[in-house]
Amino acid sequence: MNVITYASEIRSDTAAPVVPRAKGALRLAAKRRGNETVIDDLRQEGSLKALFPRVRGDALQAVFLNTAGGLTGGDHMQMAVSAGQGAHVVLSSQAAERAYLAQTGQVARSDVTLDVAAGGRIDWLPQETIFFDGAALDRTLTVLLAADATALVVEPVIFGRTAMGETVHDLRWTDQWRVWRDGRLVFADAVRMLGDADEMLRRKAIAAGAGAMATVMLAGPQAQAMIGFDWPESCGASLIADDVLLARFVAKDGFALRRDLIPVIEALSDAPLPRVWRL
């Protein structure tokens, strides 16, 4: 288990007025039909919607969007995606997600579950999450894999928009990943940043002043072969197990991060890069 903890003072839980918040749920099931992957079931609720662009290849591409325009304290988004036997689903977001200032004591939540049957594959490729000063976000990612299933997970984050001169001095962010194969836990990761993110990111052992970072995980039979890939200098990659590859990236800003991530995603995925990822 890899656990990275960044700790500072936790903001007080002073009561704040309760206001209606955004809720969203998206459930997508895909199946193999002939040489292509198609929708088997789809349910959309609240602020989460999905689009399905037509692209070449046999994978089903889905682009999801949060119609609320961002996340703030009290929001809750839930997504469950399953790929049936031999099916391949590629998911991305229509735009970067934004985590805005939250009222004291209120936290936004995002829960994602990816379930992949035998011979199937899911590529989870959301665009960046941008943290604004005062944001509070708890995220969970659960991946359930059959014996020979594959999952590619890419999660980039940006701490304030460099071009706007933004810095993040007040942040509450937790990120919990759990990957199971045939009911056995094969990978667990936890990130926690509480307090002055800008100060923490300046530490040499954390990010040496970088304003953006990403975690990339490939769980599947191809993982071992990719350790010899020509990884960019902005990242470190390790083979956690024979079938689990993990890489972490740091970059000055979102543009530099995306520039380094795109060739890596293209190498790790056997489907066309989602158009929303193009620089």
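The present account deals with the structure reproduced in this document. All of these numbers come straight from a predicted model, not from anything done at the bench. (Residues numbered from 1 in each chain as written. Predicted model: local features only at pLDDT ≥ 70, side-chain atom pairs only at ≥ 80, totals over all residues. Heavy atoms only, no water.)

Regarding the overall build of the protein
Logical step 1: Check the secondary structure of the protein and you find two helices and 18 strands.
Logical step 2: Computed over the C-alpha atoms, the radius of gyration of the protein is 18 Å, within 12% of the 19 Å expected from 2.2 N^0.38 for a compact globule of 279 residues.
Logical step 3: Summarising its shape, the C-alpha atoms of the protein cover approximately 55 × 45 × 35 Å along the three principal directions.
Logical step 4: Across the 279 residues of the protein, 52% fall into the buried class.
Logical step 5: When the accessible area of the protein is evaluated, it comes to approximately 12800 Å², of which 50% is carbon and sulfur surface. (Helix = DSSP H or I, 4+ residues; strand = E, 2+ residues; numbered from the N terminus. Rg over C-alpha atoms; globule rule 2.2 N^0.38 Å. Buried < 20%, exposed > 50% of the residue type's maximum accessible area, 1.4 Å probe, protein only. Areas by Shrake-Rupley, 256 points an atom, 1.4 Å probe, with all protein chains shown as cover.)

Focus on helix H2 (residues 254-268)
Logical step 1: The end-to-end C-alpha separation of H2 is 20 Å, in line with the 21 Å expected for 15 residues at 1.5 Å each.
Logical step 2: Of all the bends in H2, the largest measures some 25° and sits at Leu261, one to four residues before the proline Pro263.
Logical step 3: Residues of H2 that are buried: Gly254, Ala256, Leu257, Arg258, Asp260, Leu261, Ile262, Val264, Ile265 and Leu268.
Logical step 4: Of the surrounding secondary structure, the elements contacted by the buried residues of H2 are strand E10 (121-125), strand E13 (150-159), strand E16 (212-219) and strand E18 (244-251).
Logical step 5: Looking at where H2 begins, the residue whose side-chain oxygen comes 3.3 Å from the main-chain nitrogen of Phe255 is Asp253. (Expected span 1.5 Å × (residues − 1). Bend = angle between axes of the 7 residues up to and from the residue. Contact = heavy atoms within 4.5 Å. Polar contact = N/O pair within 3.5 Å; in protein donor to acceptor, adjacent residues only side chain to side chain.)

With respect to a nonpolar patch on the surface
Logical step 1: Taken together, the side chains of Leu144, Trp180 and Leu185 define a hydrophobic patch exposed on the protein surface, amounting to about 230 Å² of accessible area.
Logical step 2: Topologically, Leu185 is positioned in strand E15 (residues 184-195).
Logical step 3: The exposure class assigned to Leu185 is partly exposed, which follows from its relative accessible area of 37%. (Patch = residues over 30% accessible without salt bridge, like charges linked within 9 Å, V, L, I, M, F, W, Y side chains within 5 Å. Salt bridge = Lys/Arg side-chain N within 4 Å of Asp/Glu carboxyl O.)

Describing the nonpolar core
Logical step 1: Core analysis: the largest hydrophobic core is formed by 55 residues, its most contacted members being Leu114, Phe131, Phe159, Leu171, Met193 and Met217.
Logical step 2: No other element matches the five residues that strand E12 (residues 135-145) contributes to this core.
Logical step 3: In this structure Phe131 touches Ala99, Leu137, Val157, Ile158, Phe159, Gly160, Val168, Leu171 and Trp173, once residues within four positions along its chain are discounted.
Logical step 4: Among the nonpolar cores identified, the runner-up in size contains 31 residues, and Ala214, Val216, Leu245 and Ala256 belong to it. (Core = buried A, V, L, I, M, F, W, Y, C linked by side-chain atoms within 4.5 Å.)

Some words on the environment of His76
Logical step 1: Summarising the element assignment, His76 is placed in strand E6 (residues 76-83).
Logical step 2: Setting aside residues up to four positions removed in sequence, His76 forms contacts with Ala22, Lys23, Gly24, Arg109 and Asp111.

Observations concerning the side chain of Arg139
Logical step 1: Looking at the element boundaries, Arg139 is found in strand E12.
Logical step 2: In this structure Arg139 comes out as buried when scored by relative accessible area, which is 8%.
Logical step 3: When residues no more than four places from it in sequence are discounted, the contact partners of Arg139 are Ser110, Thr129, Glu155, Val157, Trp173, Thr174, Asp175 and Gln176.

Overview of the side chain of Asp253
Logical step 1: For Asp253, the position within the fold is in the loop between E18 and H2.
Logical step 2: Within the buried core, Asp253 has no salt-bridge partner, and the shortest N-O distance to an opposite charge, that of Lys252, equals 5.2 Å.
Logical step 3: Within the local environment of Asp253, its side chain forms a polar contact with the backbone nitrogen of Phe255, the two atoms lying 3.3 Å apart.
Logical step 4: Apart from the residues within four sequence positions on either side, Asp253 is in contact with Thr162 and Ala212. (Lys, Arg positive; Asp, Glu negative; His and termini not counted.)

Regarding the pairing of E16
Logical step 1: Most of E16 is tucked away: eight of the eight residues are buried.
Logical step 2: Of the two faces of E16, the one lined by Ala212, Ala214, Val216 and Leu218 and the one lined by Met213, Thr215, Met217 and Ala219 are each fully buried.
Logical step 3: One ladder, built from eight bridges, connects E13 with E16; its direction is antiparallel. The residue of E16 that forms the bridge with Val153 is Met217.
Logical step 4: Direction of pairing for E16 relative to E18: antiparallel, over a ladder of eight bridges. Its bridge partner being in E18, Leu218 is matched across the sheet by Leu245. (Pairing = 2+ DSSP bridges.)

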